[in-house]
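Below are the chains, spelled out letter by letter.
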Amino acid sequence: QREITTLCLLVVLSGAAPEVFAQRAAISGAEVTGTFRSYFKGKYRKSYNEILIQALGGNKLKIEMELIDPYEVNGELMAHFGFASGEAIITGDTAVFMPTTETEAAERCKVTLKFTKPGTLIVTTEHHGNCGFGFNVEADGSYIKTSSAKPKFGTNEK
C-alpha cells in the first residue's frame, strides 16, 4: 500500500509544471543588473516597456520602470506613459517592488519581479489601479535582458 502511494505521488509530481519547483537560490548581482524590455506584439511590436535594475547589495535592488500603453487615433500612433522608481528587496530569485504613489491607498501596488532564468524576467502586479502608472499602463509581462551595463537612472523621467 505504501509503495503504491509513493508511486502515485511521484507520478503526480513528475507531471507538474517545472515552475512549481523553479525557486532558485540567490542569484548574482550581475544577473539582475541591467536593462530589461518587454516588446509588444502585432502592430505595436516596435514599442516596449523597459525596466532598469541595479543590484545595491544587502538584498536590495534599485529599480526604474518606463512603461507605455500604445494605441492609435485616426491612424496616428499615440501612447500613455507611466513611470515608477524606488528600491526592492530580493529573496532568492524574486524581488518585490512597491512604488510610492501620490495617493497612499489601503491596498498598495505590489510588483513582483521573478528572474526565471538568466536574461529572463517575469513581472506581475497586484492592485494595478494603485500603481500610478497612468491610464491603461501596466508593467506585467515577460522581459528579456537587452543590456548588462549598469543603468543610467533618471534619464527618461518626465
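This text goes with the structure placed above it.
Residues numbered from 1 in each chain as written. Predicted model: local features only at pLDDT ≥ 70, side-chain atom pairs only at ≥ 80, totals over all residues. Heavy atoms only, no water.

> Would you mind showing me how to read the state of the cysteines here?
Working definition: the covalent bond between the sulfur atoms of two cysteines is a disulfide. One pass over the full model with this rule turns up one disulfide. Two residues share a disulfide in this structure: Cys109 and Cys131, whose sulfurs sit 2.0 Å from each other. Note on the Cys109 and Cys131 pair: the S-S dihedral is about 80°, so by sign convention the disulfide is right-handed. Of the two residues, Cys109 sits in the loop between β5 (94-97) and β6 (110-117) while Cys131 sits in the loop between β7 (120-126) and β8 (141-147), which places them 22 residues apart along the sequence. Grouping residues by exposure puts Cys109 and Cys131 together as buried. (Disulfide = S-S within 2.5 Å. Helix = DSSP H or I, 4+ residues; strand = E, 2+ residues; numbered from the N terminus. Buried < 20%, exposed > 50% of the residue type's maximum accessible area, 1.4 Å probe, protein only.)

> Looking at this model, I keep getting lost on the environment of Tyr44. Mind explaining?
On the secondary structure map, Tyr44 appears in the loop between β1 (34-39) and β2 (48-57). Take Tyr44: its relative accessible area is 17%, and that puts it in the buried class. Between the C-alpha atom of Tyr44 and that of Leu77, which follows or precedes it by 33 residues, the distance is 8.9 Å. Ignoring anything within four residues of it in the chain, the contact list for Tyr44 reads Pro70, Tyr71, Glu72 and Leu77. Of note is the side chain of Tyr44, whose polar atom sits 3.5 Å from the backbone nitrogen of Glu72. (Contact = heavy atoms within 4.5 Å. Polar contact = N/O pair within 3.5 Å; in protein donor to acceptor, adjacent residues only side chain to side chain.)

Note that all results are geometric; they support no functional claim without further evidence.
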